[in-house]
Amino acid sequence: MSTASQVATHTAPADPAHPAVGAATSLLDAYAPGDHFLATPGRTLLARGPGRHVPHDERPLTARVDATLAAAAAAGQESPVVIGAIPFDHTAPAALSVPESVRTAPALASDPLIALPATAPTAGTWEIRQVPEPEIYGKGVAAAVERMWRGEFSKVVLARTLELTSDAPVDLPAMLQRLARRDPSGYTFALPTGPGRTLIGASPELLVSRHGKQVIANPLAGSTPRSADLAEDVRRAATLLESAKDLHEHAVVVDAVHQALAAHCTELTVPARPTLIRTATMWHLSTTVTGTLRSPDTSALELALALHPTPAVCGTPTQTARQVIAETEPFDRDFFTGVIGWGNAEGDGDWVVTIRCAEAEERTLRLYAGAGVVAASEPEAETAETAAKFRTFLSAVGAEL
C-alpha cells in the first residue's frame, strides 16, 4: 500500500462499493474566489462567510485559535472549525479564520466524478520572470554547499520563484479544478490570505494529522522528476530509493519529526526505510510516522507548530538555515513552506506543508519551488528539480518555462 493510501485509510475509511458520487466534486464545483477550499485524502471542505478572523497579537497562536473557536461556539455556531494558512515565518501574521459555514464531503479521490477531465487552459499570454535567474540560483546552491563542507551547517532548502503576469484576470476556479483533478489523492487548497489575494496549490506533504489520540506525520524529502516514458520513470524511482544523497536528506527530516513528536506521544512507529510517493510530476521519498498522544489536550495545531519548519522546508540547524535562506533568496517566502489546514475545538485536524503553491492576485501569479541542498548536492540537479516542481502549476495555467 502506498503512503497516500495509508493516510487516506486512516483519516476517513471509505466503502469503495458505495462511493459518494458527486458529493466531493460538488464542493469543488461550488468554489468561488474568497471561499476556503481544502481537499485532503480524508475529506473535502468548503467554507464560506467572513466569520471570525484569528487576531495577530502577543498571545501564542494556539491560544488565539482556541479563543476564536470558543467565541464562535458561544455565539451559537455549531461545530466551528478554524481553516487557513500560517506563513514560513511563524511570527508573522497568519491567515486563519473561523468561517460562518463549512460544508464537508468525503475525499475527492473517492468520488468517481473526479476522473472527468478538467477544462483545458484557455489560450493566453503569460509573461514569466524568474526570480532569481537559474544561473544565480545555481550559484546560491554552490555557495551553500561550500559552506557545508566547511562545517557551518548540514542542510538548507533554497527556493526560487516564477512571477507570471497575464493579459486577463487569473481564473481561480478553473485552476483549482485542474490541480484537484490532476492529483485528487493529495492536498488541494485555495485559501484567501488578504484582500484580493489567494494561496492556491496542491501539496503532497502532510505535516501532521490528529484524530482522537492517533497522530500521523508524513515527511517527504529526497525527490526526482517523473518521466513520461514508463521504463525511465521506474528506473528513476528505483534510483531514488538507493540514492545515498537523498536517503541522507530524508533521514535528517524523519529524525527531526521523530524527536518533535516524541515529546507528545507515548509511542511512535517510525519505519526503518522510506517508501515512495508520487505526484503527477515528481517521485518523493516518504515515511509515515504514526503515534499515540500522551495527552488528549494536545491539538493538531500544537503538534504542527512543534514540527514547523521541518528540515524538509528549512534545513538544519534550523536557525542557521533560516539565516542562509534570508541571505540567499531575493524574495519573501510569505506563506510558501508554511502550513495550511483545518482544526476544530476538540483538537482534531489536518495540517499540510505549503508546497506546490502560488499566490494569486488579479492578473498575477507567484509560483514557488524549492530543493533540499546538502553537501553532495549539485547546482544543476537542484535547479532541474525546482523546474520540475514548477510544472504542477505551469500545466494548470497553460504556461511553459
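Scroll up to find the structure this text is about.
A short tour of the structure in this document, coming up.

What counts and what doesn't
Residues numbered from 1 in each chain as written. Predicted model: local features only at pLDDT ≥ 70, side-chain atom pairs only at ≥ 80, totals over all residues. Heavy atoms only, no water. Helix = DSSP H or I, 4+ residues; strand = E, 2+ residues; numbered from the N terminus. Rg over C-alpha atoms; globule rule 2.2 N^0.38 Å. Buried < 20%, exposed > 50% of the residue type's maximum accessible area, 1.4 Å probe, protein only. Contact = heavy atoms within 4.5 Å. Areas by Shrake-Rupley, 256 points an atom, 1.4 Å probe, with all protein chains shown as cover. Lys, Arg positive; Asp, Glu negative; His and termini not counted. Charge placed at Lys NZ, Arg CZ, Asp CG, Glu CD. Pairing = 2+ DSSP bridges. Axes fitted to C-alpha atoms, helices over the stretch in contact; angles between N-to-C directions. Salt bridge = Lys/Arg side-chain N within 4 Å of Asp/Glu carboxyl O. Polar contact = N/O pair within 3.5 Å; in protein donor to acceptor, adjacent residues only side chain to side chain. Patch = residues over 30% accessible without salt bridge, like charges linked within 9 Å, V, L, I, M, F, W, Y side chains within 5 Å. Disulfide = S-S within 2.5 Å. Phe/Tyr/Trp six-rings, centres within 6.5 Å; stacked < 30°, edge-to-face > 60°. Lys NZ or Arg CZ within 6 Å of the ring centre and 35° of its normal.

Considerations on the overall build of the chain
The helix and strand inventory of the chain stands at 10 helices and 22 strands. In terms of overall size, the chain behaves like a compact globule, its C-alpha atoms giving a radius of gyration of 20 Å where 401 residues would be expected to give roughly 21 Å. When the backbone C-alpha atoms are referred to their principal axes, the chain occupies close to 60 × 55 × 45 Å. When the 401 residues of the chain are sorted by exposure, 54% land in the buried category. A separation of at least 24 residues holds for 74% of the contacts in the chain among residues at least 6 apart in sequence. A total of about 16,700 Å² of accessible surface is found on the chain, and carbon and sulfur atoms cover 54% of it. A distance of 1 Å separates the average location of the 32 positive side-chain charges in the chain from that of its 45 negative side-chain charges.

Observations regarding the sheet that holds strand β3 (residues 52–53)
Within the open sheet, the nine strands sit side by side as β3-β5-β4-β19-β20-β11-β12-β17-β14. Their pairing is antiparallel. In this open sheet, the two edge strands, each paired with only one partner strand, are β3 and β14 (265–269). Sitting on the sheet, helix α8 (residues 300–307) touches β4 (81–86), β11 (206–211), β12 (214–217), β17 (289–293) and β20 (349–353), and the angle it makes with β11 is about 155 degrees.

With respect to the pattern of salt bridges
Here the structure, examined in full by the defined rule, presents 24 salt bridges. We note a salt bridge from aspartate 334 to arginine 197, for which the minimum N-O separation is 3.8 Å. You can see aspartate 334 sitting in the loop between α9 (318–328) and β19 (339–344) and its partner arginine 197 sitting in strand β10 (residues 197–203), a full 137 residues away along the chain. Judged by relative accessible area, which is 24%, aspartate 334 ranks as partly exposed. Overall, the relative accessible area of 27% leaves arginine 197 in the partly exposed class.

Things to note about the environment of tryptophan 126
If you trace the backbone, tryptophan 126 turns up in strand β7 (residues 126–131). The sequence separation of tryptophan 126 and aspartate 167 amounts to 41 residues, and the corresponding C-alpha distance is 7.2 Å. Residues within four places of tryptophan 126 in sequence aside, it is in contact with Leu164, Thr165, Ser166, Val170, Arg363, Leu365, Val397, Gly398 and Ala399. For tryptophan 126, the side chain forms a polar contact with the main-chain oxygen of valine 397, separated by 3.1 Å.

Let's talk about the pairing of strand β8 (residues 155–166)
With respect to burial, β8 is a largely interior element, 11 of its 12 residues being buried. Of the strand pairs in this sheet, β7 and β8 are connected by six bridges, and their pairing is antiparallel. Of the residues in β8, the one forming a bridge with glutamate 127 is threonine 165. By the bridge criterion, two bridges tie β8 to strand β18 (residues 315–316) in an arrangement that is antiparallel. Bridging from a neighbouring strand, valine 156 pairs with glycine 315 of β18. In this sheet, strand β22 (residues 364–373) lies alongside β8 in antiparallel orientation, the contact comprising 10 bridges. Counterpart to leucine 158 in the pairing with β22 is alanine 371.

Points about the sheet that holds strand β13 (residues 220–225)
Read from one edge to the other, the open sheet built from three strands follows the order β13-β16-β15, with strand pairing classed as antiparallel. Two strands lie at the open edges of the sheet, namely β13 and β15 (275–278), each paired on one side alone. Between one strand axis and the next, the sheet turns through 30 degrees on average, direction left out of account. Sheet contacts for helix α6 (residues 230–242): β13, β15 and β16 (282–286); angle to β16, the most-contacted strand, approximately 25 degrees. Helix α10 (residues 379–397) contacts β13 and β16 of the sheet and is inclined by roughly 110 degrees relative to β16.

Thoughts on a nonpolar patch on the surface
Residues Val21, Leu113 and Leu116 make up a contiguous nonpolar surface patch of about 260 Å² in total accessible area. Among the secondary structure elements, leucine 113 is positioned in the loop between β6 (101–105) and β7. Note on leucine 113: relative accessible area 33%, which makes it partly exposed.

Section: the state of the cysteines
Within the structure shown, the criterion is met by zero disulfides. Of all cysteine sulfurs in the structure, the one in cysteine 314 sits closest to cysteine 357, which takes part in no disulfide; the separation is 16 Å. In this structure cysteine 357 comes out as buried when scored by relative accessible area, which is 1%.

A few points about the packing of aromatic side chains
A complete count under the given rule lists two aromatic pairs for this structure. Ring pairing ties together the aromatic residues Phe331, Phe336 and Tyr368, which thus form one cluster. Sitting over the ring of phenylalanine 88, arginine 322 keeps its end group 4.7 Å from the ring centre.

Quick look at the side chain of threonine 354
Within the fold, threonine 354 resides in the loop between β20 and β21 (357–361). Given the relative accessible area of 0%, threonine 354 is considered buried. For threonine 354, the side chain forms a polar contact with the main-chain nitrogen of isoleucine 340, separated by 3.4 Å. Here threonine 354 is in contact with Phe189, Leu199, Phe335, Phe336, Thr337, Gly338, Val339 and Ile340, once residues within four sequence places are set aside.

Re the side chain of arginine 226
Residue placement: arginine 226 occurs in the loop between β13 and α6. A relative accessible area of 18% places arginine 226 in the buried class. Side-chain polar atoms of arginine 226 contact the backbone oxygen of threonine 279, separated by 2.6 Å. Once residues lying within four places of it in the same chain are set aside, the contact partners of arginine 226 are Asp233, Arg236, Arg278, Thr279, Ala280, Thr281, Met282, Trp283 and Arg391.

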